[in-house]
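The residues making up each chain are set out below.
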Amino acid sequence: MLTKEIKNNFKNLLSKEGLKFTESRISILEDILSSDDHRECEEIHRDLLLKKINVSRATIYRTLDVLVKYEYVTWY
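We now turn to the structure provided with this report.

Turning to the overall build of the protein chain, a few remarks are in order. Per the secondary structure count, the protein chain includes four helices and zero strands. Along the protein chain, helices and strands appear, N-terminal first, in the series α-α-α-α. Taking 2.2 N^0.38 as the reference for a compact globule, 76 residues should give roughly 11 Å; the C-alpha atoms of the protein chain span a radius of gyration of 11 Å, in line with that estimate. Viewed in the frame of its principal axes, the protein chain has a C-alpha envelope of about 30 × 25 × 25 Å. Counting across all 76 residues of the protein chain, residues that qualify as buried make up 33%. The long-range fraction of contacts in the protein chain, counting pairs at least 24 apart against all pairs at least 6 apart in sequence, stands at 49%.

Spelled out as structure tokens, the structure:
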């Protein structure tokens, strides 16, 4: 579960990039933060589908780009 502060920070980052703050993007962030492992977009997509969360790969890539740009996650 994300804290209110993390959600607000994430919302601000998305806003700076002209992206909407959606449940799909919250689910992506929660999934990423739930693991310390480096995972590819396909793995994140698969994990979300297993949780019955329907999200496009494009949304995952755009969300990852924002998180990397603002150094919330690192890209290997």
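We now examine the side chain of Thr63. Tracing the backbone shows Thr63 in helix α4 (residues 57-69). Polar side-chain contacts of Thr63 include one of 2.7 Å to the backbone oxygen of Thr59. Non-local contacts of Thr63, meaning those with residues more than four positions away in its chain, are made with Phe10, Arg25 and Ile28.

Core analysis: the biggest nonpolar cluster contains 17 residues, and Ile28, Ile32, Ile44, Leu48, Ile60 and Leu67 have the highest contact counts within it. Those elements that place two or more of their residues in this core are α1 (4-16), α2 (23-33), α3 (41-50) and α4.

Attention now goes to the environment of His45. Examined against the element boundaries, His45 turns out to sit in helix α3. Sequence-distant contacts of His45, defined by excluding residues within four places in its chain, comprise Val55, Ser56, Arg57 and Ile60. There is a polar contact of 3.0 Å between the side chain of His45 and the backbone oxygen of Val55.

What follows concerns the packing of aromatic side chains. Counted under the stated rule, the structure contains one aromatic pair. Both rings, one in Phe10 and one in Phe21, keep their centres 6.2 Å apart while their planes meet at 70°; by these two values the pair is edge-to-face. Within this pair, whereas Phe10 is found in helix α1, its partner Phe21 is found in the loop between α1 and α2, the two being separated by eleven residues in sequence. Under the relative-accessibility criterion, Phe10 is labelled buried at 3%. Judged by its relative accessible area of 32%, Phe21 is partly exposed.

Reading guide: rules and limits
- Residues take numbers from 1 onward in each chain, read along the sequence in its written order.
- With the structure being a predicted model, the display of local features is reserved for residues of pLDDT at least 70 and the display and counting of side-chain atom pairs for 80 or more, all residues being used for whole-chain, interface and lining totals.
- The side-chain values count all of the structure's non-hydrogen atoms but skip hydrogen atoms and water molecules.
- Every helix listed is a DSSP run of H or I at least four residues long, and every strand listed is a run of E at least two residues long, numbered separately from the N terminus.
- Radius of gyration here is computed from C-alpha atoms only, and the compact-globule reference equals 2.2 Å multiplied by the residue count raised to the power 0.38.
- Only protein chains enter the calculation, and the probe is 1.4 Å; a residue is then buried if its accessible area is under 20% of its type maximum, exposed if over 50%, and partly exposed in between.
- When checking whether two residues touch, look at their non-hydrogen atoms; a contact exists if any pair is within 4.5 Å.
- Pairing of N or O atoms within 3.5 Å defines a polar contact, subject to two protein rules: one partner must be a possible hydrogen donor and the other a possible acceptor, and residues neighboring in sequence count only if both atoms are side-chain atoms.
- Nonpolar core, defined: a set of buried Ala, Val, Leu, Ile, Met, Phe, Trp, Tyr and Cys residues in which side-chain atoms within 4.5 Å join the residues together.
- Under the pairing criterion, centres of Phe, Tyr and Trp rings, with the six-membered ring standing for Trp, must be within 6.5 Å; the plane angle then separates stacked pairs below 30 degrees from edge-to-face pairs above 60, leaving the rest tilted.

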